[in-house]
Amino acid sequence: MSPHDRIPVPARVGVNELKVTSIAGEGISLRGTAPGTSLSVQLAGNAGATSVMNGLAITLVAIAGGKAVLRIAPARER
């Protein structure tokens, strides 16, 4: 992923798309949007950092040189 990349997501999660807002150093910021809604998440540090947004588990796999690799999957129910 690079800054400003857009990531399509399934409509059932209530977010139309994810957009990479920035990648700096060891961190990446994403914004999820839907009508009347805006969510954001930041992942930083080591590979394996995970955050959940509307039923999506977003995991930082690798980050270097202003690019990042993410894994996006349904979040596990608890």
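Attention here is on the structure that accompanies the text.

What counts, and where the lines are drawn
- Residues numbered from 1 in each chain as written.
- Predicted model: local features only at pLDDT ≥ 70, side-chain atom pairs only at ≥ 80, totals over all residues.
- Heavy atoms only, no water.
- Helix = DSSP H or I, 4+ residues; strand = E, 2+ residues; numbered from the N terminus.
- Core = buried A, V, L, I, M, F, W, Y, C linked by side-chain atoms within 4.5 Å.
- Buried < 20%, exposed > 50% of the residue type's maximum accessible area, 1.4 Å probe, protein only.
- Contact = heavy atoms within 4.5 Å.

### Let's talk about unusual backbone geometry
In this structure, His-4 is a non-glycine residue whose phi angle is positive, near 80 degrees. Within the secondary structure layout, His-4 lies in the segment before strand S1 (6–8). Of note, Asn-54 is a non-glycine position whose phi angle comes to about 45 degrees, a positive value. Mapped onto the elements, Asn-54 comes out in the loop between strand S5 (50–53) and strand S6 (56–64).

### A closer look at the nonpolar core
Counting 19 residues, the largest nonpolar core has Leu-18, Ile-28, Leu-30, Leu-43, Ile-58, Leu-60 and Leu-70 as its most contacted members. Sorting the residues of this core by element identifies strand S2 (17–24), strand S3 (27–34), strand S4 (37–44), S6 and strand S7 (67–74) as the ones contributing at least two each. The element that contributes the greatest number of residues to this core is S6, accounting for 4 residues. In this structure, Leu-70 is in contact with Met-1, Ile-7, Ile-28, Leu-30, Leu-43, Ile-58, Thr-59, Leu-60 and Val-61, ignoring residues within four places of it in sequence.

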